[in-house]
Each structure stands twice: as structure tokens, then as C-alpha cells.
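# Tertiary structure, described
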Protein chains: 2
Amino acid sequence: MDAEELSKTIIEFYEKLTTWEDGVVKDSGLTTSQNHAIEIVGHEGAIKMRKLADKLGVTTGTLTVSIDRLEKKALLRRVPHKSDRRSYLIELTEKGQKVFKMHHNHHLNLTREMMTDFSEQEQATLYQSLKKMMEHF
Amino acid sequence: MDAEELSKTIIEFYEKLTTWEDGVVKDSGLTTSQNHAIEIVGHEGAIKMRKLADKLGVTTGTLTVSIDRLEKKALLRRVPHKSDRRSYLIELTEKGQKVFKMHHNHHLNLTREMMTDFSEQEQATLYQSLKKMMEHF
DNA sequence: TCGAATAACTTGAATGTCAAGATATTTGAA
DNA sequence: TTCAAATATCTTGACATTCAAGTTATTCGA
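A few points on the structure. (Residues numbered from 1 in each chain as written. Chains lettered and ligands numbered in written order. Predicted model: local features only at pLDDT ≥ 70, side-chain atom pairs only at ≥ 80, totals over all residues. Heavy atoms only, no water.)

## Some points on the interface of chain B and chain A
When the parts of a complex come together, some accessible area is lost, and that lost area is often taken as the interface size. Which entries qualify depends on this criterion: We call two residues contacting when some pair of their heavy atoms lies within 4.5 Å. Defined in terms of a 1.4 Å probe, buried area is the accessible area two parts forfeit on being brought together, summed over both. For this analysis, a salt bridge means a side-chain nitrogen from Lys or Arg found within 4 Å of a carboxyl oxygen belonging to Asp or Glu.
Chain B puts 46 residues into the contact, and the matching count from chain A is 46 residues. Buried surface at the junction of chain B and chain A, summed over both partners, amounts to about 5000 Å²; 71% is from carbon and sulfur atoms. Looking only at chain B, the three residues that lose the most surface to chain A are B:M1, B:H136 and B:F137, adding up to 14% of its buried area. The shortest N-O distance in the salt bridge between A:E122 and B:K132 comes to 3.1 Å.

Following this line, the structure appears as C-alpha cells:
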């Protein structure tokens, strides 16, 4: 297999996902960055600002502003940390949960759609390949 | 294969690529958006503003500003269109070519790195799977 | 106990983005 | 041919994202 060709195809696939995701996010009235925050809080559950900033790959200053806006939209909230009064836990509101689940389902539908022509065996192979590639990050 | 699990893994893989790409781009002194423009011009060759805007998924107003900045960095230039005086062709400068090739090689290296544990057969299967998934966009 | 480290917030500057409108040019129909 | 409509790009104003640098409050550790 030619590495050039494979590299090009991986990038192409990545670009397609990005375009799809941008479209889905825009329809939900959120920005990409806001959606990303909701995704992580949805998957991780209550999480500290510091840890969330690291996962998003932004500074805490950036995150403060970002959480301000999401809190204003009533999608998540700051809850004072029980044992550290400098800190907050960020968690989804009910409205935030709904948005998260909606987005989660969109992804699930896309996966099912993409898998229509895959045999059970092919799906398993793809799954293992993705896992194997991720070992290199 | 559980669609939930597969969906989760695809997203995970996508996130890893994003983080990797962000790091590479940041090291090059460009923004993600600027890099994206260079990628497309590098792959497509001389291209009209209108077409480039469509491929980037932004308005022409956004692109004008973006190209202004890249022109100031001497990475690409506007060349008047031969038969349509309203229009320009955007092309890479030599410096832009270098940046493009560098980035291209980074991707190639990543692909080779990810493929280290893949047999020839596995690589071909992955390639076909990616192609097949992309038919659904 | 107290200085260093840590968590989050604030501010200022740069960039990205869109919508709406402006300008120049091309196109197509009368 | 002529001219209104379409097209290509640019401009402007408003807002979001982001970082760096600096601030405040609290916790930690020697």
C-alpha cells in the first residue's frame, strides 16, 4: 500500500468528518468550541476547570470566557468544589444533557449509515485498526 | 460490532488527529485556518477566491481577510485572472511551497508511524474501508 | 507559619467569522 | 447593441475564540 495514497485518504476522511460536524453543530446554534466543551463534560461528567481546559487544549483564561457563555445559555453550570474553595466542578444542566444526547445520537446515526455496506467481520477489523493506529499518539 | 462502541472509537480517533494537527500547525507559526488554506492551494494549485472559499467552507469576505494575512506573510499571492478582470487566482509562493511540503511530509510520517504494525493486507483493507465510508457523505 | 504553587478570573490584542452592503466586471436577453 | 441581473471580490461592523500576562483567593509544603 502506497503511504502517500493512504495518507491522502486519511486526510480526506478527516476533512469529511469535519465538514459534517461543522454542519451538525451549526444547526444546533452552538459554536464548534462550545460543542466540544459540552461533549467532554457529557462524556466525563462533572469536571474541574483546569482538567477541562487541558482536555480542550486551551488556557484557563479562554475556558473561563467560554464557560461564562455556556452558563448564560443554561447548558452547564459551575458547582463549587467541596474540598477546594478555589475550584469549581462543571456539569451539564438538564438542557445541556439533552443537547449532548442529541449530538451523541447524530454521531451514532452517522456511524450506522457509514456501516451499511460493512460485514460484521469488516466492522470488527476497522475497529481494531482504529485502536491500533491510536497507540501511536 | 456494537455501533456505540465503534462510534466512540471513530470520534476518539478523530480527536487524536485534531490534537496532533493542532500541535503541528502551532509549531509552524500558522493558525489552523491559515494552514487549511495553504493545504488546499497546495493540493489544487492556482485557484479562484470563490472556489477556495467554497472548499474552506467560509464566505468570500472571510477569505479576503485571510488571504490578506497570508499574502503579508509571503506564503501565497493573488494573480489577476487572465480572462476575468473581477477575479484572482491564488497560488503559493516558493516559501508557501516549502511550508506546504513540510506539512505534507509531517502527515506522511504520521501515516507511516501508524502503519508500523499493519500488514500489507491490513493496510489495503483499511484503505478500502475509508473509501467505502466516504461514500456516505 | 509563610512563601510557593495552584485554580480560576480579568484584560488587551490578534485572528476568524458572518451578514450586509459596495464596487467592478461579465453575461444574457431584449 | 444595451442594460439589468448575476457574479467576484472587497469592506465594514459586530461578535466569538484564543493567548499572554497579570490578579485574587486558596491550598500546600518545608
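There's more to say after this.
## A short note on the sheet that holds strand β1 (residues 47–48) of chain A
Paired through their backbone hydrogen bonds, the strands of a sheet run either parallel or antiparallel. All names here are of chain A. How we decide: Here, a strand pair is defined by DSSP locating no fewer than two bridges between the strands. Under the scheme used here, helices are H or I runs from DSSP no shorter than 4 residues and strands are E runs no shorter than 2 residues, and both carry numbers assigned from the N terminus. For every element, the axis is a line fit to its C-alpha atoms; helices are fit only across the contacting stretch, and the angle between N-to-C directions ranges from 0 to 180 degrees.
Spatially, β1-β3-β2 is the arrangement adopted by the three strands of the open sheet, whose pairing is antiparallel. Edge positions in the sheet fall to β1 and β2 (76–80), since each has one partner strand and no second. Sitting on the sheet, helix α2 (residues 32–44) touches β1, β2 and β3 (88–92), and the angle it makes with β3 is about 95 degrees. Packed onto the sheet, helix α4 (residues 60–72) meets β2 and β3 and runs at close to 115 degrees relative to β2.

## Remarks on the protein's contact with DNA strand C
Selection criterion: Residues are labelled near a given molecule or strand when at least one of their non-hydrogen atoms is within 4 Å of it. Polar contact criterion, stated in full: a pair of N or O atoms within 3.5 Å, where within protein one must be able to donate a hydrogen and the other to accept it, and residues adjacent in sequence count only if both atoms are side-chain atoms. By the convention adopted, Pro, Cys, Tyr, Trp, Phe, Met, Ile, Leu, Val and Ala count as nonpolar, Lys, Arg, Asp and Glu as charged, and the other residues, Gly among them, as polar.
Taken together, 22 residues are adjacent to DNA strand C, and A:R50, A:R86, A:S87, B:T31 and B:T62 come closest. Of what DNA strand C places within 4 Å of the protein, 73% of the atoms are sugar or phosphate. Between DNA strand C and A:R78, the relevant distance is 2.9 Å, taken from a phosphate oxygen to a side-chain nitrogen or oxygen of the residue. B:T62 is positioned such that a nitrogen or oxygen atom in its side chain is 2.8 Å from a phosphate oxygen of DNA strand C. Elements represented by at least two residues in the surface near DNA strand C include exactly α3 (49–56) and α4 of chain A together with α2 (32–44) and α4 (60–72) of chain B. Considering only residue class, the surface near DNA strand C consists of three nonpolar, 11 polar and eight charged.

## Thoughts on the pattern of salt bridges
Operational definition: Each residue gets one of three labels from its accessible area relative to the maximum for its type: buried under 20%, exposed over 50%, partly exposed in between, using a 1.4 Å probe on protein chains only.
One pass over the full model with this rule turns up 16 salt bridges over all chains. Taking the shortest distance from any N to any O, the salt bridge between A:K51 and A:E44 comes out at 3.8 Å. In this structure A:E44 comes out as partly exposed when scored by relative accessible area, which is 39%. As a salt-bridge pair, B:R50 and B:D54 come within 2.7 Å of each other at their nearest N and O atoms. With B:R50 and B:D54 both in helix α3 (residues 49–56), this residue pair falls four residues apart, about one helical turn. Taking the relative accessible area as the measure of exposure, B:R50 reaches 45% and is therefore partly exposed. Each of A:E44, A:K51 and A:K55 takes part in salt bridges that share partners, so that together they form one network.

## Some thoughts on the pairing of strand β3 (residues 88–92) of chain B
Residues and elements named next belong to chain B. For strand β1 (residues 47–48) and β3, the ladder comprises two bridges, and the chain directions are antiparallel. Residue pairing in the sheet places I47 in a bridge with I90 of β3. Both strand β2 (residues 76–80) and β3 contribute to a ladder of five bridges, which runs antiparallel. By the bridge assignment for β3, R77 is matched with E91.

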